[in-house]
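If you want the building blocks of each chain, they are given just below.
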Amino acid sequence: MLKPLLLIVICLALLGLSLRLFYNGWRQGGTERVLDRLNQGQPQLLAEKPRWAGLERAFLRAGLGRPDRLELWLLLWAFGSVIGLAIGGWIGLLLLLVLPPLALRVYVSWRYQRRLRRMIEQLPQLLDHTVRSLKSGRTLADAVLGAIDASEDPLKNAMGRVQRNVQLGVSLPEAVGDVAELYEKDELRLFAVGLKVNHRYGGNASELLENLIRMIRERDQASRQLRAMTGETRITAWVLGLLPVGLAGYFLLSNPKYLIAMWNDHSGQMMLASAFALQVIGSLLLWRMLRSL
């Protein structure tokens, strides 16, 4: 009797939420929608720190923009957890409480690493364009901003933060330093430090940037060599991580009664839950080890 009541309550809550969203969208005028589109990408001052600062930072670094309607997603996650409790008991509740945040964390981290790798590959081209602009007689700020306009995504999108900050009156070294702290990459930090040193003490900016280009390319070459040398270790880690999952899938296909009998037994549920927890912990440890290579 409890399960049908839970499902009825969830359906009614989702119906009320959908009606509220429809009403809010219907009330939003055309002028407001046009203003929202015009304000996209424009610099905006934040009066206070957002409640989800860490999540917004992770989404910005991954190139996913600012997360919208977080309360709605949290509500759906809570409803999904209740459904998991009604269908699968405490095991279903545990799975739906752990898997969605874990999957989101892995996806955002993967997007961030891929985007950051592409940005570092494009950074020498931006610096080379800056050096050529400096040698043609342009100032350092104009050369950097012009190189940002000439670059491609994702570096252009990320460095667009520099352009907006400069338009708001922030100095170029501080704007680049803000981007470097957002993405937490040594190459960007060195770029920001070089601009700060040149801004404070002067000197030959083109020579400094040429040395930075050479250093970035040498680091990239060394990183590629390290990845090639540790390829066997990475394959071993993937095999160790996927082997338990593969064995569980094989048992489920060849002899489903074996796992179903464990699922229907209390001690079997505890064993499966322990195995799942150990698999998650082991996968996270292997992932951290791979990241350190």
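In this text the structure is predicted, and so the values were computed from the model without any measurement. (Residues numbered from 1 in each chain as written. Predicted model: local features only at pLDDT ≥ 70, side-chain atom pairs only at ≥ 80, totals over all residues. Heavy atoms only, no water.)

> So what exactly am I meant to see when it comes to the UniProt feature "transmembrane region" (unreviewed entry) in the chain here?
Mapped onto this numbering, the UniProt entry annotates "transmembrane region" (unreviewed entry) at residues 75-108, 235-253 and 268-287. Secondary structure across residues 235-253 comprises 100% helix and 0% strand; the distance between its end C-alpha atoms is 26 Å. Span residues 268-287 is 100% helix and 0% strand, its end C-alpha atoms 28 Å apart. (UniProt positions renumbered as here; feature names shortened; annotations may be inferred. Helix = DSSP H or I, 4+ residues; strand = E, 2+ residues; numbered from the N terminus.)

> It is not clear to me how helix H6 (residues 155-167) should be interpreted in this structure. Could you clarify?
One full turn of an α-helix is made of 3.6 residues, so residues set three or four places apart face in the same direction. If you check H6, its first and last C-alpha atoms are 19 Å apart, about what 13 residues at 1.5 Å a residue would give, namely 18 Å. Turning to H6, its buried residues number three or more, namely Leu-155, Ala-158, Met-159, Gly-160, Val-162, Gln-163 and Asn-165. (Expected span 1.5 Å × (residues − 1). Buried < 20%, exposed > 50% of the residue type's maximum accessible area, 1.4 Å probe, protein only.)

> I tried to follow the packing of helix H5 (residues 140-150) against H6 on my own but got confused; where do I start?
Between two packed helices, what matters for the description is the angle formed by their axes and the separation of those axes. The contact between H5 and H6 brings their axes to 9 Å, and the two run at 145°. Taken as a pair, H5 and H6 cross one another with a handedness that is left-handed. Touching Leu-145, Ile-148 and Asp-149 of H5 are Lys-156, Met-159, Gly-160, Val-162, Gln-163 and Val-166, all from H6. In terms of residue class, the contact of H5 with H6 is built from five nonpolar, two polar and two charged. (Axes fitted to C-alpha atoms, helices over the stretch in contact; angles between N-to-C directions. Left-handed = near helix turned anticlockwise from the far one by under 90°. Contact = heavy atoms within 4.5 Å. Nonpolar A, V, L, I, M, F, W, Y, C, P; charged D, E, K, R; others polar.)

> Help me understand the nonpolar core, please; the structure alone is not making it clear to me.
Nonpolar side chains tend toward joint burial in soluble globular proteins. Membership of the largest hydrophobic core comes to 38 residues, with the highest contact counts inside it found for Leu-126, Leu-127, Met-159, Val-162, Tyr-183 and Phe-191. Breaking this core down by element, the ones donating at least two residues are helix H4 (70-135), H5, H6, helix H7 (172-183), helix H8 (186-201) and helix H9 (205-229). In terms of residue count, the dominant contributor to this core is H4 (10 residues). For Leu-127, the residues in contact, after removing those within four places along its chain, are Phe-191, Leu-209, Leu-212, Ile-213 and Ile-216. (Core = buried A, V, L, I, M, F, W, Y, C linked by side-chain atoms within 4.5 Å.)

> Quick question: what am I supposed to make of the environment of Ala-175 here?
Along the polypeptide, Ala-175 turns up in helix H7. Owing to a relative accessible area of 0%, Ala-175 belongs among the buried residues under this scheme. For the pair Ala-175 and Val-162, spaced 13 residues apart in sequence, the C-alpha to C-alpha distance is 5.0 Å. Beyond its immediate chain neighbours, meaning those up to four positions away, Ala-175 contacts Val-162, Asn-165, Val-166 and Val-170.

> How do you make sense of unusual backbone geometry when you look at a structure like this?
Peptide bonds are, in most cases, trans, and in most cases residues other than glycine have a negative phi. For the bond from Asp-153 to Pro-154, the omega torsion is 10°, close enough to zero to count as cis. Within the secondary structure, Pro-154 sits in the loop between H5 and H6. The phi dihedral of Glu-184 falls on the positive side, at around 55°, and the residue is not glycine. Turning to its location among the elements, Glu-184 is positioned in the loop between H7 and H8.

> Got a minute to help me understand the packing of aromatic side chains in this structure?
Considering all chains together, one arrives at two aromatic pairs under this definition. Ring centres of Tyr-107 and Trp-110 lie 6.2 Å apart, and the angle between their planes is 35°; on these two criteria the pair is classed as tilted. Taken together, the positions of Tyr-107 and Trp-110, both in helix H4 and three residues apart, correspond to about one turn of that helix. Taken together, a centroid distance of 6.0 Å and an interplanar angle of 55° make the contact between Tyr-250 and Phe-251 tilted. With relative accessibility at 52%, the residue Tyr-250 sits in the exposed group. (Phe/Tyr/Trp six-rings, centres within 6.5 Å; stacked < 30°, edge-to-face > 60°.)

> Is there a simple way to explain H7 in this structure?
For H7, which comprises 12 residues, the first-to-last C-alpha distance of 17 Å matches the rise-based estimate of 16 Å (1.5 Å per residue) to within 8%. For H7, the tally of buried residues reaches nine of 12 residues, placing the bulk of the element in the interior. Restricting attention to buried positions, one finds in H7 the residues Leu-172, Pro-173, Ala-175, Val-176, Gly-177, Val-179, Ala-180, Leu-182 and Tyr-183.

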